[in-house]
Amino acid sequence: MDSLRVLLLPLTRKDSDIICYNDIGQPKTHGQEQRYISPTTGICRRLIVQAVTPSGEFEVAIKDNASEAGKLAMWLVSHSPIGGGVFFKWTRKYVWFTWKLLWPIIWFLTELYFNVGDDSLDDKDSSYNTGYYKPYLRHFQGQLWAARSRKEHSSRVIKEEDEMNTRTHACYPRILMIRSLDQDGWVRCVDREIIIHIKFIAISYRALDVYTRGDKEEIAQFKDKVRAAVLGQQFNAYWLDLECLDELERNRDVYCMTDVYRRAETTLIVLGRLASGENECWRNYGERVWTFPEALLSPRLCYTFRDQEEVKPLSLFELANLAYTNSDDEQAIVNAYGGKDPLDRLERLVLLKKAIWRRAMRALPVSSGPPPPPQPKWGMIGGGPVTDEVYKPYTPHKAEQVYALMGFFEHRIQPNDDEDELKALARLSMANDTDRIIERMVSMLPLTTTPEACWYADSDIYDANLWDIVPEIQVAGVTENGALVLEGCRAAAIRWKNFPEVAFSTTRSLRRKVVGFMPYCAWPVIVIGLGIVSNSSRAGGIALIVIGTLLLIFSPSLFLYAKSGRITTVQPWLVGVKGVIDKNEAESHLYGGTIKHYPRMYYTPSGSQFSQPEQLGGRRGSDEQYVDAKKAEKSGPDAEHMYTLIDTYSSTMYYFRAERRQCAYSQDGREGLGGLCFVRRGARTMNCERRQCCGCPQR
């Protein structure tokens, strides 16, 4: 299969006119019908699908290019000319079959007569089977919004030139609230020399639990509560997002907030009112997106309630039991950060991502309170006291979850107001290439896919984990609409219009060669017998005629036996059929008919939801999956969406469900036996692909 760049598109456009590009970049406009790039010509064509029960303009009956003589011989052997009213039909097919045996002799003699001494008559089969699948010619064309390589052009760079100096790591907070003995109050300090030498407490809370948005009086009371608790813990400085984040320069602080909690001596958790119930307060706190990294990265923890004065110490394990009781993943993360059960780096990051993604709130960390704009110089160290004025909050960031997760990575990304969480997650993964999270996601088959995130996967239909997968692709970048551009894909085209003529060879057998030669000798023997009868020996001629006639009578069986050897090599093809067919029918369409032969097609033991392994013997698929697929085809939600995919190279076939036909099949990674291969379909936009939840034959 070819190595190429291909897109995984998170959405499909529904424009009235579709513009696509062929393999050399020439544009073409067409309608809304599904199309594909021909693997032989590189031309964009309408996708014609062979179906068990054709319906619609672009579906046709199943057709094959297997040896017609073999199919005729199989029909003659399996049907008796006596009884059943098939005598005349049997006779017609038999005459046609005998003509098929005579025609190669006529063709050979003609070629021999007109091409004597012509060295151009070479065996075409040797070049016909190249040993490769039909290549998938669709490549990415366009510009990347964000590229992995700095040598690639990224359109987002133009929009972010004024933000390239945004900090993503910090050894100290840029702003602290410090108690000023000279001014008898608390002041905002921006002096680095003071901040780096002072110990402080970081405040973690959920805004809805401690004050009402826009209520100046409640916010002032909350600040007084925090300051009293800080003094009670023998500290003279604290960090509170309400007072230490600037609206106009929030990128300088928000995206390195996790470093603030790492640097703090203690993190004070402020819960809601105890009167509403302790369990309810902890549950609400645990649901907030940013409380998870804030707690995990803090050296020490303590907590208090909004309506209580007492501050109590808290261990990480106590926090897990109180706030994160509904998830085994979060318990595992707490154990890892508590030093009890170390996790592999990738597993830890994946569990962190899942835990943060589960949080229902989509507010920025500053949603804990409305952040003030930059304070005037006189309100900082050396100036007047800080006022309690309340400022208008701003809208939460679309990529909030990714930026919360970013604090756990060594390499962080520059923030961008135009990106959503999918783009941000892709950029974060590219920045931390050793983890290859996005590449592993692409190699998974999620339980469900959505139009907005077809490449995103939190779970796998085969219960595989991200750390179980060894990706064989690399994400080269992300496009403006959130599509992933994959580098190093090995993709092959799927043939839908019919079964091709498949070149194959069987094990060598002198007996089968002799038997296979005998049917073609029938007509020459009869002709020679007729010549002898008319010219010389009558008895000898009659004997040859009888022998030739017997050979003709038994020629269907002889012909099939000669084709019955075990297949050793076969031309690789991926063939698709809408509907469900069994392996015997697939064999017939691919290789024609045979008798007394080794099995030539097998059901895959894994690779789709219908796959079932045999319980005994070798690693093969059970025939029961055909029964289950047939039931699903006849009734239920999958009645119109069942497909059969046949791989001649591995001699396997499997059934899957999909919303639309797939144009290509690519290998993305490995996990266990075989590769992780996904069937992809062409989307309605230029050179873009969209993964379907259908499976992988080689998995």
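If you're wondering where the values come from, they're calculated on a predicted model, not measured in any experiment.

Asks: Teacher, can you tell me more about the overall build of the protein here?
Replies: Broken down by element type, the protein carries 21 helices and 27 strands. Taken over 699 residues, the protein has a buried fraction of 51%. Considering only intrachain contacts with a sequence separation of at least 6, the fraction spanning at least 24 residues in the protein is 68%. Entry remark: accessible area of the protein is about 32700 Å², with carbon and sulfur atoms responsible for 53%.

Asks: Help me understand the side chain of S298 in this model?
Replies: Within the element layout of this structure, S298 appears in the loop between helix 11 (291–296) and strand 14 (301–305). Among the polar contacts listed, one links the side chain of S298 to the side chain of T267, at a separation of 2.5 Å. The residues touching S298, leaving out its near neighbours within four places in the chain, are Y261 and T267.

Asks: Any chance you could explain the packing of helix 1 (residues 68–78) against helix 19 (residues 538–562) here in plain terms?
Replies: Viewed as axis vectors pointing N to C, helix 1 and helix 19 meet at an angle of 120°, and their least axial separation amounts to 9 Å. Considered as vectors, helix 1 and helix 19 are oriented oblique to each other. Both helix 1 and helix 19 take part in a crossing whose hand is left-handed. Taking contact as the criterion, the partners of A69, G70, A73, M74, L76 and V77 in helix 1 are, on helix 19, P556, S557, F559 and L560. For the contact of helix 1 with helix 19, the residue count by class is eight nonpolar, two polar and no charged.

Asks: Help me understand the pattern of salt bridges in this model?
Replies: Two side chains carrying opposite charge are able to pair once their charged atoms lie near each other. Scanning all chains against the criterion turns up 17 salt bridges. Residues R46 and E57 are paired through a salt bridge, measuring 3.6 Å at the closest nitrogen-oxygen approach. Here R46 is found in strand 5 (residues 44–46), whereas its partner E57 is found in the loop between strand 6 (49–51) and strand 7 (59–61), with 11 residues between them in sequence. A salt bridge links K100 to E68, with the nearest nitrogen and oxygen atoms 3.3 Å apart.

Asks: Honestly, helix 13 (residues 328–337) in this entry has me stumped. Any pointers?
Replies: For helix 13, the full list of buried residues reads D329, E330, I333, V334 and A336. What you see down the axis of helix 13 is that its buried residues fit within an arc of 160°, all on one side. Just beyond helix 13, the residue with positive phi is G339, at close to 85°.

Asks: Teacher, can you tell me more about helix 21 (residues 624–634) here?
Replies: For an α-helix, the turn length of 3.6 residues means that residues three or four places apart are oriented alike. Here helix 21 has its buried residues at Q625, A629, A632 and E633. In a view along the axis of helix 21, the buried residues occupy a sector of 100°, so they form one face of it. Exposed residues lying more than 90 degrees from the buried face of helix 21 are K631 and K634. Looking at the buried residues of helix 21, the elements they touch are strand 22 (602–603), strand 23 (642–647) and strand 24 (652–657). Two residues or fewer after helix 21 comes G636, characterised by a positive phi angle close to 90°.

Asks: Mind showing me how you'd approach the confidence of the model for the protein here?
Replies: For the protein, the average pLDDT comes to 77, and 80% of its residues sit at 70 or higher. A low-confidence stretch, residues 9–13 stays under pLDDT 50, and its non-local contacts, those more than four residues away or across chains, total 25 contacts.

Conventions and cut-offs
- Residues numbered from 1 in each chain as written.
- Predicted model: local features only at pLDDT ≥ 70, side-chain atom pairs only at ≥ 80, totals over all residues.
- Heavy atoms only, no water.
- Helix = DSSP H or I, 4+ residues; strand = E, 2+ residues; numbered from the N terminus.
- Buried < 20%, exposed > 50% of the residue type's maximum accessible area, 1.4 Å probe, protein only.
- Contact = heavy atoms within 4.5 Å.
- Areas by Shrake-Rupley, 256 points an atom, 1.4 Å probe, with all protein chains shown as cover.
- Polar contact = N/O pair within 3.5 Å; in protein donor to acceptor, adjacent residues only side chain to side chain.
- Axes fitted to C-alpha atoms, helices over the stretch in contact; angles between N-to-C directions.
- Parallel < 35°, antiparallel > 145°, perpendicular 65-115°, else oblique.
- Left-handed = near helix turned anticlockwise from the far one by under 90°.
- Nonpolar A, V, L, I, M, F, W, Y, C, P; charged D, E, K, R; others polar.
- Salt bridge = Lys/Arg side-chain N within 4 Å of Asp/Glu carboxyl O.
- Arc of directions from axis to C-beta.
- pLDDT = per-residue confidence, 0-100.

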